[in-house]
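# Descriptive structure summary
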Amino acid sequence: MIVTTSQARRPTRQIVLRHPTNPVAVGGDAPVTVQSMTITKTADVDGTLAQIYALHAAGADIVRCTCNEREAAEGLAEIVPRSPVPIVADVHNDHRMALAALDAGVHCLRLNPGNIRRPAHIKAVAQECGDRGIPVRIGVNGGSLDKDLYERHGGRVTPEAMVESAERELAYFAEVGFDDVKISVKASSVPLMIDAYRLLSERSDHPLHLGVTEAGPPPAGLIKATAGIATLLAEGIGDTIRYSLTADPVEEARAGRQLLEAMGLRERKNVDLIACPSCGRAEVDVIDVARRANEAFGDREIPLQVAVMGCVVNGPGEARDADIGIAAGNKRGHLFVKGRNVAVVPEAEMVEALVEWAELIAEQGTDAAMARADTTIAAREAERDRVRLLAQQGDDANAAGQRVDLIRKRV
Ligand code: SF4
């Protein structure tokens, strides 16, 4: 079940990217989708298809490929029929590349109004899209805004100028009766893109494609993109999203998918790994165990919340809502399912045990996993280690009490 965010989605009209076996709707009541873009040469058909499949596996619903030259368009003609997801052709400067991409059979075009500027060219592409039933994304970009708009808005990129650029393109499209459109108004500045999308959302009911452009490499790029995209999604704005990271695009697709899952906008297919931040009570290197668990689960389709906790004193209680978890204590790992202790394993086998039990629960359900466990022994052993740790460390494992005593003696 998909749990929605508190703010209702703003109503938008719907467009459909008509992949023959995997059509993807954007806007209206369609779920928010994830996009990414290949970084291969589009003329490299096998390399591009391999990347499209990897992006799809990591969570991308739609993939964009550049169409910047004739060889790219010819590559698209071979890529599109073999792609598992709808393909968007990214076109800049030359409207003939848009027409060539349509000939290649793409499911959507992305046009930048800042660099395809001649009205006759824009209308020719819109007319052709209308005839073929192919939607277009009007992709306004703060960094490549139409020059005259830039000057008219005080020599600055403003939310108003970006929205006006999109509206101008829409007006050209309307002249040939075409409005099968989604829109983006991306900027590398998070506050600017947030304001631009808010304004656009007030003035238009076209579906919106969200993104912070040129966000840069992770982790700062991830933070910027998340700040912009998540803020808007929480306000009910946005129908499809893209992380623009300077990284392997698989990271973009994974980040987009994980954001939607975290916000309750997408059904979870993969492990949600939670872990305590560690503290003076930790009985194990929590960072290392969590990292190894993250690697072991990867993008595997195990839709469970899995917890890695540093100590058996607080871990099982604090992660009692997790589907499965493990807490360290006395050189052992205490496995718990929905807060109930189910097994004790040597510390070195914590990750393996976690994976094994997660697989069992995913395949056979929680009850079957519990039936296999001797919960009485597991609970007794966990309590034994908990008591032992409490006796060793007391209630103040982080030694805050000692520090307070020192402070009080000093002042
Ligand atoms: S008390 Fe235990 S579970 Fe909580 S942060 Fe410290 S080590 Fe982790």
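Calculation rules
- Residues numbered from 1 in each chain as written.
- Predicted model: local features only at pLDDT ≥ 70, side-chain atom pairs only at ≥ 80, totals over all residues.
- Domains from an automatic or database assignment.
- Near = placed C-beta within 6 Å.
- Nonpolar A, V, L, I, M, F, W, Y, C, P; charged D, E, K, R; others polar.
- Pairing = 2+ DSSP bridges.
- Helix = DSSP H or I, 4+ residues; strand = E, 2+ residues; numbered from the N terminus.
- Axes fitted to C-alpha atoms, helices over the stretch in contact; angles between N-to-C directions.
- Contact = placed C-beta atoms within 7 Å.
- Expected span 1.5 Å × (residues − 1).
- Core = buried A, V, L, I, M, F, W, Y, C linked by C-beta atoms within 7 Å.
- Buried ≥ 20, exposed ≤ 12 C-beta atoms within 10 Å, placed from the backbone.
- Arc of directions from axis to C-beta.
- Parallel < 35°, antiparallel > 145°, perpendicular 65-115°, else oblique.
- Left-handed = near helix turned anticlockwise from the far one by under 90°.

## Examining the domain arrangement of the protein chain
Entries for the protein chain in the domain assignment read domain 1 (14–262) and domain 2 (272–393). Between domain 1 and domain 2, the C-alpha centre-to-centre distance is 42 Å.

## Considerations on the site of the ligand
In the region of the ligand, 13 residues are neighbours, and Cys276, Cys279, Ala282, Gly310 and Cys311 sit closest. Classifying every residue of the shell around the ligand by side-chain character gives 7 nonpolar, 4 polar and 2 charged.

## So, the sheet that holds strand β13 (residues 324–329)
The mixed open sheet is built from 5 strands, whose spatial order is β11-β12-β13-β14-β15. A single partner strand is all that each edge strand has here, and the edge strands are β11 (272–275) and β15 (340–346). Taken pair by pair, the neighbouring strands of this sheet meet at an average axis angle of 20 degrees, ignoring direction. As paired elements, β11 and strand β12 (residues 305–309) share 4 bridges and run parallel to each other. Note on β12: the bridge partner recorded for aspartate 272 is glutamine 305. Contacting β12, β13, β14 (332–337) and β15, helix α12 (residues 350–364) crosses the sheet at an angle of about 160 degrees to β13.

## Things to note about the sheet that holds strand β5 (residues 87–91)
Pairing is parallel in the open sheet, where 8 strands are placed in the order β8-β7-β6-β5-β4-β3-β10-β9. In the strand order of this sheet, the two ends are held by β8 (181–186) and β9 (209–210), each with one partner. Summarising the sheet, strand β7 (residues 136–141) and β8 pair through 6 bridges and their orientation is parallel. Residue pairing for β8: asparagine 141 is matched across the bridge by lysine 186.

## Considerations on helix α7 (residues 190–203)
Relative to the 20 Å expected for 14 residues at 1.5 Å per residue, α7 spans 20 Å between its end C-alpha atoms, a close match to the ideal helical length. Elements that come into contact with the buried residues of α7 comprise α6 (159–175), β8, β9 and α8 (220–234).

## Some remarks on the environment of glycine 315
Structurally, the position occupied by glycine 315 is in helix α11 (residues 315–318). For the pair formed by glycine 315 and glycine 28, sequence separation is 287 residues and the distance between their alpha carbons is 42 Å. Each residue touching glycine 315, except ones within four places of it in the same chain, is listed here: Cys276, Met309, Gly310, Gly325 and Ala327.

## Some remarks on the nonpolar core
Counting 79 residues, the largest nonpolar core has Leu76, Ala101 and Leu109 as its most contacted members. Filtering out sequence-adjacent residues up to four positions away, leucine 109 remains in contact with Val88, Ala89, Val91, Ala98, Ala101, Cys129, Ile134 and Val136. Listed in part, the 39 residues of the second largest apolar core include Val289, Val308, Met309 and Ala322.

## With respect to helix α14 (residues 375–393)
Taking 1.5 Å as the rise per residue, α14 with 19 residues should run 27 Å; its terminal C-alpha atoms sit 26 Å apart, in good agreement. Among the residues of α14, those classed as buried are Ala382, Asp385, Arg386 and Leu389. Take α14 and look down its axis: the buried residues cluster within an arc of 105 degrees, on one side only. With respect to the buried face of α14, the exposed residues turned more than 90 degrees away are Thr376, Arg380, Val387 and Ala391. Looking at the buried positions of α14, the neighbouring elements they touch are α11, β13, β14 and β15. Among the residues trailing α14, glycine 394 stands out with phi positive, at a value near 70 degrees.

## Focus on unusual backbone geometry
Most peptide bonds are trans, and most residues other than glycine sit at a negative phi. With omega at 5 degrees, the peptide bond leading from proline 218 into proline 219 counts as cis. Locating proline 219 in the fold gives a position in the loop between β9 and α8. The phi dihedral of asparagine 93 is positive, around 65 degrees, even though this residue is not glycine. The residue lysine 338 is not glycine, and still its phi comes out positive at about 50 degrees. Tracing the chain through its elements places lysine 338 in the loop between β14 and β15. Judged by the 15 C-beta atoms lying within 10 Å of it, lysine 338 falls in the partly exposed class.

## Quick notes on the packing of helix α1 (residues 45–58) against helix α9 (residues 249–262)
It is the contact of α1 with α9, at a shortest axis distance of 8 Å, that shows an interaxial angle of 25 degrees. Comparing the axis directions of α1 and α9 gives the class roughly parallel. Seen from above, α1 lies across α9 with right-handed handedness. On the side of α1, the interface is formed by Gln51, Ala54, Leu55 and Ala58, while α9 contributes Pro249, Val250, Ala253, Arg254 and Arg257. For the contact of α1 with α9, the class distribution of residues is 6 nonpolar, 1 polar and 2 charged.

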